[in-house]
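Now for the letters of each chain:
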Amino acid sequence: MDYKKAGVDIEAGYKSVELMKKHVMETMRPEVLGGIGGFSGAFSMEKIKEMEHPVLLSGTDGVGTKLKLAFLMDKHDTVGIDCVAMCVNDVACAGGEPLFFLDYIACGKNVPEKIAAIVSGVAEGCKQSGAALVGGETAEMPGFYPVEEYDLAGFAVGVVEQKDLIDGKDLKAGDVLIGMASSGVHSNGFSLVRKVFEKELTPEGLHTHCEELGKTLGEALLAPTKIYVKAMKSVKEAGVKVKACSHITGGGFYENVPRMLKDGTRAVIKKDSYPIPPIFGMLAQKGDIGEEMMYNTYNMGIGMIVAVDPADVEKTVEAVKAAGEVPYVIGSVEEGEKGVTLC
């Protein structure tokens, strides 16, 4: 008896590392010390020491049951972007710059080419956010996961000057809310998605072109989560002070928007101020999901919301566009009980 006969292939693990190295190297920053394969990732603090009052930020998350679609479509090179996005967007939401990222892949069977494809997506997400992929773990766990399945999670560490921390304390009535377009469902609410599209969740169903979507259902649902780090940096470099920010993830508008508000302020968002991607209309109609539940579960086409002074609206919109994202003026802040009104 040996480890391989027990279901863990050490040689496959070595091959996975070799295949992923080129993707990892593409994410390196000057602050990264040492090579790939150490017991920990080393990151120099020299530049951080130059900051007046540096504050470390962290974010951790996973891809969730969206992975089930990746299994069905046998497409594994984009879910890593989702994993990174869910973490670095939270860091950016506080005004921070992501510095480095680590991933964790747990699988039933280590197929080196599949693991390398997953990590290529993680590396792409890191490149989009400017974070270095300094380490990770691939755990082969036979008997715990089915041989064709895996889980993917990770965490990011970032930094921000204390004076630039976005905390909502200066938010006031009259401030304007600007939303940044999402790429679709992102990485939340997929248990409901899978229930609604239960009959379509076959390789054939997911690869069938859908006129309403202008693409296949699989392409629409597996579209990677938008990463808003560059957009937030662009707004900052434009000289705009972002007073508050919300990353619209699980819980949709009703849970996430109030998190950006201070007591005595209320967000008022106009539902017709931006186009809602057709995938949400299809979800609502096919699943007979009420509007309130849709806004309480999904991003409904807006992945990030920032609050700025009315005088900074034009600069903010142009800065977001310059970063390659699509902005919409979607509402304002009013006095009232903390919460959100959708009208």
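This text goes with the structure placed above it.
A quick note: this is a predicted structure, and the numbers were derived from the prediction, not measured.

Asker: For the nonpolar core, give the residues involved together with the corresponding values.
Answerer: Ranked by size, the top nonpolar core spans 93 residues in total, and within it Phe 197, Phe 253 and Ile 305 carry the most contacts. The element best represented in this core is helix α4 (residues 79-93), accounting for 10 residues. Once you skip the residues sitting within four places of it in the chain, Phe 197 turns out to touch Leu 217, Leu 221, Ile 279, Met 282, Leu 283 and Lys 286. Of all hydrophobic cores here, the second largest spans 10 residues; its members include Val 32, Leu 99, Val 134 and Val 157.

Asker: Describe the sheet that holds strand β11 (residues 265-269), listing the residues and the values that go with them.
Answerer: The six strands are arranged β10-β12-β7-β13-β11-β14 in an open sheet whose pairing can be described as mixed. Looking at strand neighbours, the two that pair on one side only are β10 (244-247) and β14 (339-342), the edges of this open sheet. Each strand of the sheet is rotated relative to its neighbour by a mean of 25 degrees, with strand direction disregarded. As defined by bridge partners, strand β7 (residues 176-181) adjoins strand β12 (residues 302-308) across six bridges and the pair is classed as antiparallel. The residue of β12 that forms the bridge with Val 176 is Val 308.

Asker: How would you summarise α4 if you had to cite specific residues and measurements?
Answerer: Here α4 is 15 residues long and its end C-alpha atoms lie 21 Å apart, about the 21 Å a rise of 1.5 Å per residue gives. Residue Ala 85 marks the point of greatest curvature in α4, where the axis turns by about 25 degrees. Most of α4 sits inside the fold, with 14 of its 15 residues counted as buried. Residue Gly 95 follows α4 closely and has a positive phi angle near 95 degrees.

Asker: Lay out the environment of Gly 121 in plain terms, naming residues and giving numbers.
Answerer: Mapped onto the secondary structure, Gly 121 falls in helix α5 (residues 112-129). Once the C-alpha coordinates of Gly 121 and Val 84 are considered, the two residues, 37 residues apart in sequence, prove to be 8.8 Å apart. Gly 121 has contacts with Asp 77, Gly 80 and Ile 81, leaving out every residue within four places of it along the chain.

Asker: Residue-level account of the pattern of salt bridges, with values.
Answerer: As enumerated under the stated definition, the model contains 23 salt bridges in all. Of the charged contacts, one joins Lys 127 and Glu 26 as a salt bridge, the two residues approaching to 2.9 Å between their closest N and O atoms. Residue Lys 127 is located in helix α5, and its partner Glu 26 is located in the loop between α1 (10-25) and β1 (32-33); the two are separated by 101 residues in the primary sequence. Glu 26 gets classed as partly exposed once you look at its relative accessible area, which sits at 46%. Here Glu 200 ties to Lys 286 by a salt bridge, and the two come within 3.1 Å at their closest N and O atoms. With Glu 200 in the loop between α6 (190-196) and α7 (203-206) and Lys 286 in helix α11 (residues 278-287), this residue pair connects regions lying 86 residues apart in the sequence. In this structure Glu 200 comes out as partly exposed when scored by relative accessible area, which is 23%. Its relative accessible area of 42% is what places Lys 286 among the partly exposed residues. Connected through shared salt-bridge partners, Lys 172, Asp 175, Lys 243 and Asp 309 make up one network.

Asker: I'd like to hear about the packing of α4 against α5, residue by residue, with values.
Answerer: Running from amino to carboxyl end, α4 crosses α5 at an angle of 40 degrees, the nearest separation of the two axes being 6 Å. Our classification of the angle between α4 and α5 gives oblique. Handedness of the crossing formed by α4 with α5: right-handed. Contacts between α4 and α5 involve Gly 80, Ile 81, Val 84 and Val 88 from the first element and Ile 118, Gly 121, Val 122, Glu 124, Gly 125, Cys 126, Gln 128 and Ser 129 from the second. Its residues assigned to classes, the contact of α4 with α5 comprises six nonpolar, five polar and one charged.

Rules of the game
- Residues numbered from 1 in each chain as written.
- Predicted model: local features only at pLDDT ≥ 70, side-chain atom pairs only at ≥ 80, totals over all residues.
- Heavy atoms only, no water.
- Core = buried A, V, L, I, M, F, W, Y, C linked by side-chain atoms within 4.5 Å.
- Buried < 20%, exposed > 50% of the residue type's maximum accessible area, 1.4 Å probe, protein only.
- Helix = DSSP H or I, 4+ residues; strand = E, 2+ residues; numbered from the N terminus.
- Contact = heavy atoms within 4.5 Å.
- Pairing = 2+ DSSP bridges.
- Axes fitted to C-alpha atoms, helices over the stretch in contact; angles between N-to-C directions.
- Expected span 1.5 Å × (residues − 1).
- Bend = angle between axes of the 7 residues up to and from the residue.
- Salt bridge = Lys/Arg side-chain N within 4 Å of Asp/Glu carboxyl O.
- Parallel < 35°, antiparallel > 145°, perpendicular 65-115°, else oblique.
- Left-handed = near helix turned anticlockwise from the far one by under 90°.
- Nonpolar A, V, L, I, M, F, W, Y, C, P; charged D, E, K, R; others polar.

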